[in-house]
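Take a look at the letters that make up each chain.
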Amino acid sequence: MTIRWREYPAAGVYDELVAPGGRLRAAAKMLGQRLSKLSDDAIRQRKAAADLAIQTMGITFTVYSQKQGGSIDRAWPFDIIPRVIPKREWDRVEEGLRQRVKALNLFIDDIYHQQKIVKDKVFPADVLAKSRNFRPQCVGIDPPLGVWAHICGSDLVRDKDGTFYVLEDNLRVPSGVSYMLENRQVMKRVFPGLFENYNILPVDDYASQLLDMLVSVAPKTTKRPEVVVLTPGIYNSAYFEHAYLAQQMGAELVQGSDLFVDKKDRVFMRTVRGAERVQVIYRRIDDLFLDPEAFNPESTLGVPGLMRAWKKGTVTLVNAPGAGVADDKVVYAYVPQMIRYYLDQDAIIPNVPTFRCMEAGDRAHVLANLDKLVVKPANESGGYGMLIGPQASKKERESFARKIKADPREYIGQPMLTLSTVPTLVDSHVEPRHVDLRPFILSGREVSVTAGGLTRVALVKGSTVVNSSQGGGSKDTWIVDETGDG
Amino acid sequence: MLSRVAEHLYWMARYIERAENTARMVRVNGHLQLDLPARARTGWEPLIAITDSAPLFRKLYRTPGEKNVVAFLIGDDRNPGSIIRSLRNARENARTIREIMPREAWEQISGLYGSAAHQIGKDELLPDRDQYLQSIIHGAQTVTGLLAGTMSHDVGYDFLRMGRSLERTDMTSRIINVRSADLLPDQGGGLRPFETIQWMSVLKSLSGYQMYRQHVDQSVGRIHVLEFLLKDEDFPRAVFHCLGEIEACLVRLPRKKKAVDIIMRMRKAVSDADLETLEQRNLNRFIDGLQVMMGNLHDRIAETYFRVSAPA
């Protein structure tokens, strides 16, 4: 009897499994009761079984290490206590995500065409002018079905009162979905009994939905399009995922050198049977490295002429080049306005309140409250270049104040949220640890949203940094249908 | 199958095979020196000749004595043909395509390099050289066995087999070339009994002694050993057999005609060779000719399958 929920500290924060006072939330009740019946040894055994499963399944992520002269594969840190979200709560979130991605795709398409939203003064022209991810090469292009951001990974967090907020949208090459899939596999091995008693929505159909989506956006002329996954190669931190998804879809995993573009702007891959046409490329390479002819001429990762082929419509690139224009933290602040503008609706999932330093009033507020706010650069991802005000030194704050004044367009400020927690195994007892959630939204002929997503957990006590390279781990995410007989 | 993947499989197999062959060659030469009287010892320089690395060796070492030659061939990072470099190259080729090969095979390849490098790091002189070399040979054969037993025998596997077979042909022909000439000193002077030992060691360098005894009804001597190593259809390191292996892989591939033609020419050359009358000088010329054709065969395979370009 090692887990006593009554003693679990769930005050001052929204815990997803345990309400204040140690009462298990309805959807988590059965799980919590099962866990509290496990002995220390039984818990350790499950933990060991999970570690073993991760090892034998080869779930790794790659970390670049200067010391070891290369990159090393590390086992994926996984916590065996799942996060449980009731389906009725999730349904609303899912609806919100569909709404959001729909508006984002309309926005991107508008930006590369008439820019009505700018002309109507809903979206400021100078934000666009200074966007680092706006690609002039994409102006006037019509990707199939008008979809630019085919795969979107939006990061969600819950605040003290349990409300979901969108923290950011990843529209370039969002990663993590393979870990979501593998986490479920591990859980099925470790806690098979729990799945019998719960109605947990499946996630395993992701790869087939991904393939369906990729096929649905193929150039019109092709009946059976050849789909490939384009990876930067084994040294990329997400290489495991690239290989995993290619394998799950039965698609070739190619590198830039495997492809070439001919004089008629068609893309081929080099195979032992000869050159074979490629119609859809799920690319996991950033825009600027895609095509040395169009972007960074130094890039050896990409394929010369790929942009020519894309513009001509002989190949579909997923996500479309230039989709990152909406993947900017200043642009993010305007998503609720976009939803209103394009869909005439209110945003279902709110944004985290965001102060745009480019606006004088907001800037003054941010500068006056640097010790309370989180300040983020507009165009970085992975938590780089941030200032976490309450934890920063005076010197760091002053240095940030200077940066903000020098280039206000590049910074936003947000209040410090108290991220929700989920009970997490520490030795053989449980402690609350902060989590976020990255669902994945696929947009092709149809739109589909993963049931849940990847829950990342900050394994260090009190920390809110969930990145795997910085002490983060992950959990399985259960969307539980309570209306069934489970 | 992607050309890049096929090429990595091909080279991975070649490097594994090269490491194994080099290990065996060094090991057998050590044994040979122990069997020969001091005045008849062939020494270690021939191994430099076999591996075609005299210029590099002379740049790095002063004398071709045992210590230097062994260090050069086993653990010298500066020698691209050393065992350690071959194993590392095999590992690097495997690493970039690890998702397409069975996990156990990748782990074995990676582990083989790891343990080989680790032991060299500990002591350059390798007091247990024989055991060390044996562990390399066994490790390489484990890789070959794992791949044969756990990887689908598909197109990719064919490229692996082609790489392995071509590397074998290469090594067999090199050993014949050097051992039959430079290595064996003048046969006068009462050294005749040792000639048999030397030819036995040639067979052993290619793991062929036992099979020779089983399948060749002749004493061990120049003509019959050469005959066996060049023309035997069943011995896996005989040139004729290896060519058959490569051909069997090619028939399953498209656009194979030019490569198959080269194999046909090589086969004919091998079967036509009259070893009774082929004197040493002509034997060398004959082997040189085979080597050139091997080079052509490799180039043809690479050109056809690895460097695919736009359709005409």
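Residues numbered from 1 in each chain as written. Chains lettered and ligands numbered in written order. Predicted model: local features only at pLDDT ≥ 70, side-chain atom pairs only at ≥ 80, totals over all residues. Heavy atoms only, no water.

Engineer: Looking at this structure, how should I read the overall build of chain B?
Structural biologist: Assigned secondary structure in chain B consists of 14 helices and zero strands. For chain B, the N- to C-terminal ordering of α and β elements is α-α-α-α-α-α-α-α-α-α-α-α-α-α. Against the compact-globule benchmark of 20 Å for 312 residues, chain B has a radius of gyration of 20 Å, which places it among compact chains. Along the first, second and third principal axes, the C-alpha atoms of chain B reach 65 × 50 × 40 Å. Summarising the internal contacts of chain B: among those between residues at least 6 apart in sequence, 65% fall at separations of at least 24. Entry remark: accessible area of chain B is about 13,800 Å², with carbon and sulfur atoms responsible for 49%. Positive and negative side-chain charges of chain B, numbering 43 and 39 respectively, have mean locations separated by a distance of 4 Å. (Helix = DSSP H or I, 4+ residues; strand = E, 2+ residues; numbered from the N terminus. Rg over C-alpha atoms; globule rule 2.2 N^0.38 Å. Contact = heavy atoms within 4.5 Å. Areas by Shrake-Rupley, 256 points an atom, 1.4 Å probe, with all protein chains shown as cover. Lys, Arg positive; Asp, Glu negative; His and termini not counted. Charge placed at Lys NZ, Arg CZ, Asp CG, Glu CD.)

Engineer: Looking at this model, I keep getting lost on the interface of chain B and chain A. Mind explaining?
Structural biologist: As a measure of interface size, the accessible area lost when the parts come together is often cited. Counting residues at the interface gives 22 residues for chain B, matched by 25 residues for chain A. Both faces considered, chain B and chain A share a buried interface measuring about 1,900 Å² in area, 51% of it formed by carbon and sulfur atoms. Sorting the residues of chain B by area buried against chain A places Leu-2, Arg-4 and Arg-95 of chain B first, and these three jointly supply 31% of that buried surface. In this structure, the connection of chain B to chain A is made through one salt bridge. (Buried area = accessible area lost by both parts, 1.4 Å probe. Salt bridge = Lys/Arg side-chain N within 4 Å of Asp/Glu carboxyl O.)

Engineer: Got a minute to help me understand the nonpolar core in this structure?
Structural biologist: Most often, soluble globular proteins keep nonpolar side chains buried together rather than apart. The biggest cluster of nonpolar side chains holds 238 residues, and the ones touching the most others in it are Ile-108, Tyr-206, Leu-210, Ile-281 and Trp-478 of chain A together with Phe-159 of chain B. Counting 11 residues, the second largest nonpolar core, distinct from the first, contains Cys-357, Leu-373, Val-375 and Tyr-411 of chain A. (Core = buried A, V, L, I, M, F, W, Y, C linked by side-chain atoms within 4.5 Å. Buried < 20%, exposed > 50% of the residue type's maximum accessible area, 1.4 Å probe, protein only.)

Engineer: What is the right way to read the packing of aromatic side chains from this model?
Structural biologist: For any pair of aromatic rings, the description consists of the separation of the ring centres together with the inter-plane angle of the planes. Residue and element names in this part refer to chain A. For the structure on display, the rule yields 24 aromatic pairs over all chains. With a centroid separation of 4.9 Å and 25° between ring planes, the pair formed by Tyr-112 and Trp-148 is classed as stacked. Of this pair, Tyr-112 sits in the loop between helix H3 (87-111) and helix H4 (116-119) while Trp-148 sits in the loop between helix H5 (125-129) and strand E6 (151-158), placing them 36 residues apart in sequence. Each member of the pair, Tyr-112 as well as Trp-148, carries the same accessibility label: buried. Consider the rings of Tyr-179 and Phe-240, whose centres lie 5.8 Å apart with planes at 20°: the pair is stacked. Here Tyr-179 is found in helix H6 (residues 177-190), whereas its partner Phe-240 is found in helix H9 (residues 239-249), with 61 residues between them in sequence. Phe-240 carries the same exposure label as Tyr-179, and that label is buried. When the ring centre of Phe-295 is taken as reference, the NZ or CZ atom of Arg-135 above it lies at 5.9 Å. The lysine or arginine in question, Arg-356, covers the ring of Tyr-334, its NZ or CZ lying 4.1 Å from the ring centre. (Phe/Tyr/Trp six-rings, centres within 6.5 Å; stacked < 30°, edge-to-face > 60°. Lys NZ or Arg CZ within 6 Å of the ring centre and 35° of its normal.)

Engineer: Looking at this structure, I do not really get the domain arrangement of chain A. What am I missing?
Structural biologist: All names here are of chain A. Looking at the assigned domains, one finds that chain A contains domain 1 (89-151 + 201-343) and domain 2 (355-415). Relative placement of domain 1 and domain 2: their C-alpha centres are 30 Å apart. Residue-level contacts link 14 residues of domain 1 with 12 residues of domain 2. By the criterion of area lost to domain 2, the three top residues of domain 1 are Arg-132, Lys-329 and Val-330, representing 50% of everything that side buries. In this assembly, domain 1 and domain 2 are joined by two salt bridges. Between Arg-409 and Asp-328 there is a salt bridge, with its nearest N and O atoms 2.9 Å apart. (Domains from an automatic or database assignment.)

Engineer: Quick question: what am I supposed to make of helix H5 (residues 83-95) of chain B here?
Structural biologist: One turn of an α-helix holds 3.6 residues; hence residues three or four places apart share an orientation. For H5 of chain B, which comprises 13 residues, the first-to-last C-alpha distance of 18 Å matches the rise-based estimate of 18 Å (1.5 Å per residue) to within 8%. Taken together, the buried positions of H5 of chain B are Ile-83, Ile-84, Ser-86, Leu-87, Ala-90, Arg-91, Asn-93, Ala-94 and Arg-95 of chain B. (Expected span 1.5 Å × (residues − 1).)

Engineer: Would you explain the pattern of salt bridges in this entry?
Structural biologist: Two side chains that carry opposite charge are able to pair once their charged atoms sit near each other. Applying the stated criterion to the full structure yields 55 salt bridges over all chains. A salt bridge links Glu-168 of chain A to Lys-329 of chain A; the nearest nitrogen and oxygen atoms lie 3.8 Å apart. Placement of the pair is Glu-168 of chain A in strand E7 (residues 164-170) and Lys-329 of chain A in helix H12 (residues 329-332), with a sequence separation of 161 residues. Classification of Glu-168 of chain A as buried rests on a relative accessible area of 13%. A salt bridge links Glu-303 of chain B to Arg-307 of chain B; the nearest nitrogen and oxygen atoms lie 3.9 Å apart. Residue classification places Arg-307 of chain B among the partly exposed positions, given a relative accessible area of 45%.

Engineer: Looking at this model, I keep getting lost on the environment of Met-25 of chain B. Mind explaining?
Structural biologist: All names here are of chain B. Secondary-structure assignment places Met-25 in helix H1 (residues 3-35). Classification of Met-25 as buried rests on a relative accessible area of 1%. Between the C-alpha atoms of Met-25 and Leu-73, which are 48 residues apart in sequence, the distance is 9.9 Å. Not counting the four nearest positions on each side in its chain, Met-25 is found in contact with Leu-47, Ile-50, Thr-51, Leu-73 and Met-171.

Engineer: What am I meant to see in the packing of H1 of chain B against helix H7 (residues 129-150) of chain B here?
Structural biologist: Packed helix pairs are characterised by how far apart their axes lie and by the angle those axes make with each other. All names here are of chain B. Between H1 and H7, the shortest axis-to-axis distance is 9 Å and the interhelical angle comes to 150°. Classed by the angle they form, the pair H1 and H7 counts as roughly antiparallel. Our pair here, H1 against H7, has a crossing hand that is left-handed. Contacts between H1 and H7 involve Met-12, Ile-16, Ala-19, Glu-20, Ala-23, Arg-24, Val-26, Arg-27, Gly-30 and His-31 from the former and Arg-129, Asp-130, Leu-133, Gln-134, Ile-136, Ile-137, Ala-140, Gln-141, Val-143, Thr-144 and Leu-147 from the latter. Among the residues making up the contact of H1 with H7, the classes are represented as 11 nonpolar, five polar and five charged. (Axes fitted to C-alpha atoms, helices over the stretch in contact; angles between N-to-C directions. Parallel < 35°, antiparallel > 145°, perpendicular 65-115°, else oblique. Left-handed = near helix turned anticlockwise from the far one by under 90°. Nonpolar A, V, L, I, M, F, W, Y, C, P; charged D, E, K, R; others polar.)

Engineer: How should I be thinking about the side chain of Glu-167 of chain B in this particular structure?
Structural biologist: All names here are of chain B. Mapping Glu-167 onto the fold places it in helix H8 (residues 155-183). Assessed through its relative accessible area of 3%, Glu-167 is described here as buried. With residues near it in sequence (within four places) discarded, Glu-167 still touches Arg-14, Glu-17, Arg-18 and Asn-21.

Engineer: What exactly am I supposed to notice about the sheet that holds strand E9 (residues 252-254) of chain A here?
Structural biologist: Strand pairing in a sheet is mediated by backbone hydrogen bonds. Such pairs are either parallel or antiparallel. Residues and elements named next belong to chain A. Pairing in this open sheet of four strands is parallel, and the strands run E9-E8-E13-E14 from one edge to the other. Because the sheet does not close on itself, it has two edges, and the strands there are E9 and strand E14 (316-318). Each neighbouring strand pair of the sheet contributes to a mean axis angle of 30°, computed without reference to strand direction. Where strand E8 (residues 227-230) and E9 come together, three bridges link them in parallel fashion. Along E9, the bridge assignment pairs Val-228 with Glu-252. (Pairing = 2+ DSSP bridges.)

Engineer: What is the right way to read the sheet that holds strand E11 (residues 267-271) of chain A from this model?
Structural biologist: Residues and elements named next belong to chain A. Strand order in the open sheet made by the three strands is E10-E11-E12, with antiparallel pairing throughout. At either margin of the open sheet sits one strand with a lone partner, and together these are strand E10 (259-261) and strand E12 (274-277). Each strand axis lies, on average, 40° off the axis of its neighbour in the sheet, ignoring direction. Relative to E12, E11 runs antiparallel, the two sharing four bridges. Within E12, the residue paired with Phe-268 across the bridge is Arg-277.

Engineer: Explanation requested: unusual backbone geometry in the structure shown.
Structural biologist: When glycine is set aside, most residues are seen to have a negative phi, and most peptide bonds are trans. The omega angle of the peptide bond from Val-318 of chain A to Asn-319 of chain A is -10°, so this bond is cis rather than trans. Within the element layout of this structure, Asn-319 of chain A appears in the loop between E14 and H12. Positive phi, close to 55°, is recorded for Asp-427 of chain A, a residue that is not glycine. One non-glycine residue, Ser-207 of chain B, adopts positive backbone phi at about 55°. Following the sequence through the fold, Ser-207 of chain B ends up in the loop between helix H9 (192-205) and helix H10 (209-215). Of the residues examined, Ser-207 of chain B reaches a relative accessible area of 39% and is grouped as partly exposed.

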